[in-house]
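Fold and geometry: a report
The residues making up each chain are set out below.
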Amino acid sequence: MTQLSPLRAPEHRAFIGPEFGAGEDGPDPQTLSYVQIMGNPKLAVLARRVWEELREQFAQPDDAASMAAASPEAEEYRTKLEGWADMLEILLEETLAELEAINAQRAGPGAEF
């Protein structure tokens, strides 16, 4: 069986959890709990600031979103994203079919499921 290696370089990772006390940045980084965040004064300020920004963002009327969506550039971008989503869906289906075929070969002709 072929061993595939990740294509992303470690220096391009955006995880900053260790900087905020979340443990080592490994294959399964540890997250911070609500109690840990609110117990740390600096993180509590950051969390409140993020919460306020999100609340403001979602409180804005939908008129701005509908006007942005009506522009030709936005429509072109939306169409491009839909095309990418369709391609990803096809690739995912093909990948799952290939995995199914590989698993069937591994199980052998007389194996029961």
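This structure is a prediction, so every number in the text was calculated from the model and none was measured.

**Some remarks on the overall build of the protein chain**
Helices and strands together make up the secondary structure of the protein chain, namely 4 helices and 0 strands. Overall, the protein chain shows an N-to-C arrangement of helices and strands of α-α-α-α. Within the protein chain, the proportion of its 113 residues that are buried is 4%. Element-wise, carbon and sulfur atoms account for 60% of the exposed surface of the protein chain, whose accessible area totals about 10600 Å².

**Some thoughts on the confidence of the model for the protein chain**
The share of residues in the protein chain with pLDDT of 70 or more is 62%, and the mean pLDDT across the chain is 75. For the protein chain, helix α3 (residues 63-70) is the element with the lowest average pLDDT, namely 60, and helix α4 (residues 72-107) is the one with the highest, namely 89.

**With respect to the pattern of salt bridges**
One pass over the full model with this rule turns up 3 salt bridges. Between glutamate 52 and arginine 55 there is a salt bridge whose closest N-O contact spans 3.4 Å. You can see glutamate 52 and its partner arginine 55 sitting in helix α2 (residues 41-59), 3 residues apart, about one turn around the helix. We note a salt bridge from glutamate 82 to arginine 78, for which the minimum N-O separation is 2.3 Å. Pair noted here: glutamate 82 and arginine 78 are both in helix α4, with a separation of 4 residues, about one helical turn.

**Some thoughts on a nonpolar patch on the surface**
Taken together, the side chains of Leu46, Val50, Leu54 and Phe58 make up a nonpolar region of the molecular surface, amounting to roughly 390 Å² of accessible area. Secondary-structure assignment places phenylalanine 58 in helix α2.

**A short note on a negative patch on the surface**
Together, Asp86, Glu89, Glu93 and Glu94 make up a region of like negative charge exposed at the surface. Along the polypeptide, glutamate 89 turns up in helix α4. Assessed through its relative accessible area of 47%, glutamate 89 is described here as partly exposed.

**Structural notes on α2**
In this model, α2 (19 residues) spans 27 Å end to end at C-alpha, consistent with the 27 Å of a helix rising 1.5 Å per residue. Its side-chain oxygen 3.0 Å from the backbone nitrogen of lysine 42, asparagine 40 forms the N-cap of α2.

Quick notes on the rules
Residues numbered from 1 in each chain as written. Predicted model: local features only at pLDDT ≥ 70, side-chain atom pairs only at ≥ 80, totals over all residues. Heavy atoms only, no water. Helix = DSSP H or I, 4+ residues; strand = E, 2+ residues; numbered from the N terminus. Buried < 20%, exposed > 50% of the residue type's maximum accessible area, 1.4 Å probe, protein only. Areas by Shrake-Rupley, 256 points an atom, 1.4 Å probe, with all protein chains shown as cover. pLDDT = per-residue confidence, 0-100. Salt bridge = Lys/Arg side-chain N within 4 Å of Asp/Glu carboxyl O. Patch = residues over 30% accessible without salt bridge, like charges linked within 9 Å, V, L, I, M, F, W, Y side chains within 5 Å. Lys, Arg positive; Asp, Glu negative; His and termini not counted. Charge placed at Lys NZ, Arg CZ, Asp CG, Glu CD. Expected span 1.5 Å × (residues − 1). Polar contact = N/O pair within 3.5 Å; in protein donor to acceptor, adjacent residues only side chain to side chain.

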